[in-house]
Amino acid sequence: MKKFINLPENCENEMIQGLVKAFPGYVKKLDCGNVIVRSEKKRNKVALISGGGSGHEPAHAGYVGTGMLDCAVPGAVFTSPTPDQIYEGIKAIATPEGVLMIIKNYTGDIMNFEMAQEMAEMDDIKVAGVVVDDDVAVQNSTWTTGRRGVAGTIFVHKIAGAMAETGASLEEVERVAKETIANVRTMGVALTPCTVPAAGTPGFSIGEDELEMGIGIHGEPGVNRQKMKPVNEIIDELLDHILADLDFAGSEVAVMLNSSGGTPLMELYIAYDHLADVLAENNVKVYRSYVGEYMTSLEMQGLSVTLLRLNDERKALLNAAADTIAFKEFGGRS
C-alpha cells in the first residue's frame, strides 16, 4: 500500500485536523471527537446535519457552511459515525427551529442517526430525518435494505440547506428534502478498487480489462462485471438505467458527473461530451451541470452520473447562495 499517510490508524484524525487548519473561516472541530460544525453557528433557522464514513471527501465536511450543512459527522473510513458523535453534533447546532438529519441509506447510518435523534429529543430538541436512496443500480446491497444513498445526497444538502436559509420551518425543510430525494437518481461504474488504509489491501479485485457496472461508494458489488469498453458505451448503459427508473423526458435537470476519486477531469469531460448529447436526444434539458469530485471512494477510478429533476422551487433553491469549502454558489442566476 502506497499512500501519503503516516500511521493508518491516525488517518481520520489527521485528515480532520488538516481540514480545520486549512479552512478555519468555514469550520471548526468540537472537542468531543471528529464532529465538524460551522465556524459561526446559525441562529434562528433550521440546522442541518449529515455524515457517514470517511473516505468520501469532500463529503460531508466539505459541505459545511452557508446554504448547506451546519454539521458533518465523519466516522472511520467507510464506517458509520457513532450515535454519541451524532448526538454531540445535533446539540452543537440545535436551534429552537429544529435540526434536520440527512442520512444516506446504509443500515449502520440509519440506526446510529436514529439513536442520536432519540437522545436529542430527550433534551427537547426538535429533530427530523430524511433518508437518501438515489442509487438505481441495485434494490438491496451489502450494507443496505433498499437502494443505496450516493452522490445525489449533495443535491439534498444544497436544496434543503437553501430552504433552511429562508427561515422555513422544519416541516418545510423536511418536505423539500424528501421531494428532492424523490426526483434524484444516480448510478456509478468503477475500473479499479480502492484501499482502506486500515486494511492495507484493495477492497476487491478486478481485471485490467474489466469494469464493475453499478458499483457502490464503498466498493460494494454492482449490477455485473464486464469487459472494458469505450466511455460512450459506459455512459449509454448508466443513462439507460437512470432514464428507465424515472421519467425525465421534457424536464429540466441538474446533472452531476462525479469522480470516484481517481478519475481525472480529462476523462470526466470526455464522458460529459457524450452524456450531454444523449440527454438532448432523450428530450432531457440540462439546466445546470456539475463535473468533478463531489462524493468519492478514496482513490477508486470510477464515476457516477446523477440527474435531479427540477421544478421552479428546486431550481430557485439550487441557485440560492452557498459558501462552503467544496461547493459555492453566488446566487445570481435565474
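All values reported here derive from a predicted model rather than from experimental measurement.

Participant: Explain the overall build of the protein here, please?
Facilitator: From N to C terminus, the protein includes eight helices and 15 strands. Within the protein, the fraction of its 334 residues that count as buried is 57%. Long-range pairs, those at least 24 residues apart, make up 73% of the contacts in the protein between residues at least 6 apart in sequence. Counting only carbon and sulfur atoms, one obtains 52% of the accessible surface of the protein, whose full area is about 13,600 Å². Placing the 29 positive and 46 negative side-chain charges of the protein at their respective mean positions leaves the two points 5 Å apart.

Participant: So what exactly am I meant to see when it comes to the sheet that holds strand 5 (residues 71–77) here?
Facilitator: Backbone-to-backbone hydrogen bonds join strands into a sheet, with any given pair of strands oriented parallel or antiparallel. The six strands lie next to each other as 1-2-5-3-6-7, forming an open sheet whose pairing is mixed. The sheet is open, and its two edges are formed by strand 1 (27–29) and strand 7 (127–132), each paired on a single side. For this sheet the average axis-to-axis angle between neighbouring strands, irrespective of direction, equals 25°. Two strands pair when backbone bridges link them, and strand 3 (residues 47–54) and strand 6 (residues 99–104) are joined in this way by four bridges, in the parallel orientation. Within the sheet, the bridge partner assigned to Ala47 lies in strand 6 and is Val99. On the sheet, helix 1 (residues 11–22) packs against strand 1, strand 2 (36–38), strand 3 and strand 5 and is oriented at approximately 140° with respect to strand 1. Contacts from helix 3 (residues 107–122) reach strand 3, strand 6 and strand 7 within the one sheet, and its direction differs from that of strand 6 by about 165°.

Participant: Looking at this structure, I do not really get the environment of Arg148. What am I missing?
Facilitator: Within the secondary structure, Arg148 is located in the loop between strand 7 and helix 4 (153–165). A residue is classified by how much of its surface remains accessible, and Arg148, at 0% relative accessible area, is buried. Sequence separation between Arg148 and Val136 is 12 residues; the distance between their C-alpha atoms is 8.2 Å. Within polar-contact distance, the side chain of Arg148 engages the side chain of Asp135 at 2.7 Å. There is a polar contact of 2.6 Å between the side chain of Arg148 and the backbone oxygen of Gly214.

Participant: Help me out: how do you make sense of the sheet that holds strand 8 (residues 184–190) in this one?
Facilitator: The strand order 10-9-8-13-11-12 describes an open sheet built from six strands, whose pairing is mixed. With one partner strand each, in any of the chains shown, strand 10 (224–227) and strand 12 (285–292) form the two edges of the open sheet. If you compare each strand with its neighbour and ignore which way they point, the axes differ by 20° on average. With seven bridges connecting them, strand 11 (residues 252–259) and strand 13 (residues 302–309) associate as antiparallel partners. By the bridge assignment for strand 13, Ser259 is matched with Leu303.

Participant: What should I look at first to understand the nonpolar core in this one?
Facilitator: Generally speaking, a soluble globular protein has its nonpolar side chains buried in company with each other. Core analysis: the biggest nonpolar cluster contains 51 residues, and Leu48, Leu100, Ile102, Ile154 and Val173 have the highest contact counts within it. The biggest single contributor to this core is helix 4, with eight residues. Two domains each donate at least three residues to this core, and these are domain 1 (8–182) and domain 2 (184–311). Look past the residues within four positions of Ile154 in its chain and what remains in contact with it is Ala59, Tyr63, Met68, Met256, Tyr294, Met295 and Phe327. The next biggest cluster of nonpolar side chains, apart from the first, holds 27 residues, and it includes Val189, Leu268, Tyr272 and Val284.

Participant: Just to check I follow, could you spell out the packing of aromatic side chains for this structure?
Facilitator: Where two aromatic rings form a pair, the distance of their centres and the angle of their planes describe that pair. One pass over the structure, following the stated rule, counts four aromatic pairs. With 6.3 Å between their ring centres and 90° between their planes, Tyr290 and Tyr294 make a pair best called edge-to-face. The class of Tyr290 is buried, set by a relative accessible area of 7%. Between Lys315 and the ring centre of Tyr287, over which it is positioned, the NZ or CZ distance is 4.7 Å.

Participant: I would appreciate a short explanation of helix 3 in the present structure.
Facilitator: Residue pairs spaced three or four apart in an α-helix point in one direction, given the helix's 3.6 residues per turn. For helix 3, spanning 16 residues, the distance from its first C-alpha to its last is 23 Å, which sits close to the expected 22 Å at 1.5 Å a residue. With its phi angle positive at about 65°, Asp124 sits one or two positions after the end of helix 3.

Participant: How should I be thinking about the domain arrangement of the protein in this particular structure?
Facilitator: Parsing the protein into structural domains produces domain 1 (8–182) and domain 2 (184–311). The interface is formed by 33 residues belonging to domain 1 together with 35 residues belonging to domain 2. Sorting the residues of domain 1 by area buried against domain 2 places Phe78, Val136 and Phe155 first, and these three jointly supply 23% of that buried surface. The partner of Asp245 in a salt bridge is Arg147, with the nearest N and O atoms 2.4 Å apart. In this assembly, domain 1 and domain 2 are joined by 13 residue pairs in polar contact (both at pLDDT 80 or more). Residue assignment for the side of domain 1 that touches domain 2 shows that the elements contributing at least two residues are helix 4 and helix 5 (170–182).

Participant: Just to check I follow, could you spell out helix 7 (residues 265–281) for this structure?
Facilitator: Taking 1.5 Å per residue, 17 residues should reach 24 Å; helix 7 reaches 24 Å between its end C-alpha atoms and fits that length. Along helix 7, the residues classified as buried are Leu268, Ala271, Tyr272, His274, Leu275, Val278 and Leu279. Against the buried residues of helix 7 lie helix 6 (231–245), strand 11, strand 12 and strand 13. One or two residues past the end of helix 7 sits Asn283, with phi positive at roughly 60°.

Definitions and limits used
Residues numbered from 1 in each chain as written. Predicted model: local features only at pLDDT ≥ 70, side-chain atom pairs only at ≥ 80, totals over all residues. Heavy atoms only, no water. Helix = DSSP H or I, 4+ residues; strand = E, 2+ residues; numbered from the N terminus. Buried < 20%, exposed > 50% of the residue type's maximum accessible area, 1.4 Å probe, protein only. Contact = heavy atoms within 4.5 Å. Areas by Shrake-Rupley, 256 points an atom, 1.4 Å probe, with all protein chains shown as cover. Lys, Arg positive; Asp, Glu negative; His and termini not counted. Charge placed at Lys NZ, Arg CZ, Asp CG, Glu CD. Pairing = 2+ DSSP bridges. Axes fitted to C-alpha atoms, helices over the stretch in contact; angles between N-to-C directions. Polar contact = N/O pair within 3.5 Å; in protein donor to acceptor, adjacent residues only side chain to side chain. Core = buried A, V, L, I, M, F, W, Y, C linked by side-chain atoms within 4.5 Å. Domains from an automatic or database assignment. Phe/Tyr/Trp six-rings, centres within 6.5 Å; stacked < 30°, edge-to-face > 60°. Lys NZ or Arg CZ within 6 Å of the ring centre and 35° of its normal. Expected span 1.5 Å × (residues − 1). Buried area = accessible area lost by both parts, 1.4 Å probe. Salt bridge = Lys/Arg side-chain N within 4 Å of Asp/Glu carboxyl O.

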